[in-house]
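Here's the letter readout for the chains.
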Amino acid sequence: MVEQYFTVLPKMKNPLHYIREYPERTRQILGISDLQFEALLSQAQRKAEKLEWEKEQEKKRINRKGGGRPKILTSEEEVCLCIFYLRHLPTFEVLGMQFDISKTEANDTFNYWLKIVREILPASLIEQAGKDERELEIVKQMLTEQELIVDSWEQARERPGDNQSQKEYYSGKKKQHTFKGQVITLPQGKDVVDIEVGKQGKASDINLFREQQKKFDNNQRFTGDKGYQGGVNIKTPQKKPKGKELTEVQKEENKVVSSERIYVEHVIRLLKIFRIAKERFRMKGDKYEQIILTVCGLVRLRIGGLILPTSLGL
């Protein structure tokens, strides 16, 4: 008699099932389009197969291959889980509920695929070309024909445990402990040229820029905000003289500079649509660089600065 009041609910669809049914919503769910996700998925699966094959060659197997507990999720679902976490930043317990696995398995799955996605998606043009020294020099020379844009941002982090780190990562500007990052883009934000992340919150923009500038040709020109005044080969807005006003000509020049550098702010905004790059960073500090550079690779994929090949040979 009691049984008639209970019905068996259908299994809840996880995010992968949802975007398979509504591919036009993939960009809202994962931060990249359905075609970009499919290309990334293909590369990630092939990379994982290669790693598993290499691992298998090193094993001295006692038991027959194929033992152990079978996997609950498919590789497609696991990659989706990884990108979904970066995009929405749920707790691992909630993430496990969304994919019908335990929070421990959700955590392990995320960390496994994070390494693979990071290898597939170079975070910047400099990193992408850096694998070949000759290609890197060609890229640097080509970049001198353009005026690159630079800007920085800060992200709140958990308070470090020791006093020295607390002093180093405390940002007087934000009144909290932060990681600082700096990004250099092509004109109109068409691609990420170089990025530095995980720097101390108290670091000044100009000092970060001087260090990052060493990666470029001596003749490379840049555009930045007022925080970069005093730098070499960088165009910045003019500050209002003490007790005086800017002339109309100076104001117009500042508007031109602002209109040129607004695009780097758009790129930073795109980084922050992945909530793990926006909210207080609650993981261990040594994971920060890997995660934010992975997000930067996803942003490059989103804006078309990075095009994934359709296949990857083993």
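In what follows, the accompanying structure is described.

Calculation rules
- Residues numbered from 1 in each chain as written.
- Predicted model: local features only at pLDDT ≥ 70, side-chain atom pairs only at ≥ 80, totals over all residues.
- Heavy atoms only, no water.
- Phe/Tyr/Trp six-rings, centres within 6.5 Å; stacked < 30°, edge-to-face > 60°.
- Buried < 20%, exposed > 50% of the residue type's maximum accessible area, 1.4 Å probe, protein only.
- Lys NZ or Arg CZ within 6 Å of the ring centre and 35° of its normal.
- Helix = DSSP H or I, 4+ residues; strand = E, 2+ residues; numbered from the N terminus.
- Arc of directions from axis to C-beta.
- Contact = heavy atoms within 4.5 Å.
- Polar contact = N/O pair within 3.5 Å; in protein donor to acceptor, adjacent residues only side chain to side chain.
- Patch = residues over 30% accessible without salt bridge, like charges linked within 9 Å, V, L, I, M, F, W, Y side chains within 5 Å.
- Areas by Shrake-Rupley, 256 points an atom, 1.4 Å probe, with all protein chains shown as cover.
- Salt bridge = Lys/Arg side-chain N within 4 Å of Asp/Glu carboxyl O.
- Lys, Arg positive; Asp, Glu negative; His and termini not counted.
- Charge placed at Lys NZ, Arg CZ, Asp CG, Glu CD.
- Axes fitted to C-alpha atoms, helices over the stretch in contact; angles between N-to-C directions.
- Parallel < 35°, antiparallel > 145°, perpendicular 65-115°, else oblique.
- Nonpolar A, V, L, I, M, F, W, Y, C, P; charged D, E, K, R; others polar.

What to know about the packing of aromatic side chains
Here is step 1 of the chain: With the rule as written, the count across this model stands at 13 aromatic pairs.
Here is step 2 of the chain: Plain terms: the ring middles of Tyr85 and Phe92 are 4.6 Å apart, the flat faces sit at 10° to each other, and that makes the pair stacked.
Here is step 3 of the chain: Overall, Phe92 belongs to the buried group, its relative accessible area being 18%.
Here is step 4 of the chain: Against the face of Tyr22 rests Arg25, its NZ or CZ located 4.4 Å from the ring centre.
Here is step 5 of the chain: Its guanidinium or amino end placed over the ring of Tyr169, Arg157 lies 4.7 Å from that ring's centre, counting from NZ or CZ.

Regarding helix 8 (residues 133-143)
Here is step 1 of the chain: Three or more residues of helix 8 are buried, namely Leu136, Val139, Lys140 and Leu143. On an axial view of helix 8, the arc spanned by its buried residues comes to 100°, and they lie on one face.
Here is step 2 of the chain: At its buried positions, helix 8 is contacted by helix 7 (125-129), strand 1 (147-156) and strand 4 (192-200).
Here is step 3 of the chain: Sitting at the head of helix 8, Asp132 places a side-chain oxygen 3.0 Å from the backbone nitrogen of Arg134.

Considering a positive patch on the surface
Here is step 1 of the chain: There is a patch of like positive charges on the surface, built from Lys173, Lys174, Lys272 and Lys278.
Here is step 2 of the chain: Residue position: Lys173 is located in the loop between strand 2 (170-171) and strand 3 (176-185).

Let's talk about the packing of helix 5 (residues 92-99) against helix 6 (residues 103-120)
Here is step 1 of the chain: Packing of helix 5 against helix 6 brings their axes to within 8 Å, and their N-to-C directions diverge by 95°. On the basis of the axis angle, helix 5 is roughly perpendicular to helix 6. Judged by residue contacts, Phe92, Glu93, Leu95 and Gly96 of helix 5 engage Lys103, Ala106, Asn107 and Phe110 from helix 6.
Here is step 2 of the chain: Considered class by class, the residues forming the contact of helix 5 with helix 6 number four nonpolar, two polar and two charged.

Examining the pattern of salt bridges
Here is step 1 of the chain: Tallied over the entire structure, the rule returns 21 salt bridges.
Here is step 2 of the chain: In this structure, Glu196 and Lys199 form a salt bridge, with 3.6 Å as the shortest nitrogen-oxygen distance.
Here is step 3 of the chain: Sharing partners across several salt bridges, the network here consists of Glu147, Arg221, Lys235 and Glu260.

Examining unusual backbone geometry
Both trends apply: most residues other than glycine have a negative phi, and most peptide bonds are in trans.
Here is step 1 of the chain: Positive phi is not limited to glycine here, since Leu89 has a value of about 55°.
Here is step 2 of the chain: Residue classification places Leu89 among the buried residues on the basis of a relative accessible area of 11%.
Here is step 3 of the chain: Although it is not a glycine, Gln188 adopts a positive phi angle of roughly 65°.
Here is step 4 of the chain: Take Gln188: it is sitting in the loop between strand 3 and strand 4.

Describing the environment of Gln212
Here is step 1 of the chain: Inspection of the secondary structure puts Gln212 in helix 10 (residues 205-212).
Here is step 2 of the chain: Among the residues examined, Gln212 registers a relative accessible area of 1% and is labelled buried.
Here is step 3 of the chain: Through-space distance from the C-alpha of Gln212 to that of Asp194 is 8.3 Å; in sequence the pair is 18 residues apart.
Here is step 4 of the chain: Contact partners of Gln212, with chain neighbours within four places excluded, come to Gln182, Ile184, Asp194, Ile195 and Glu196.

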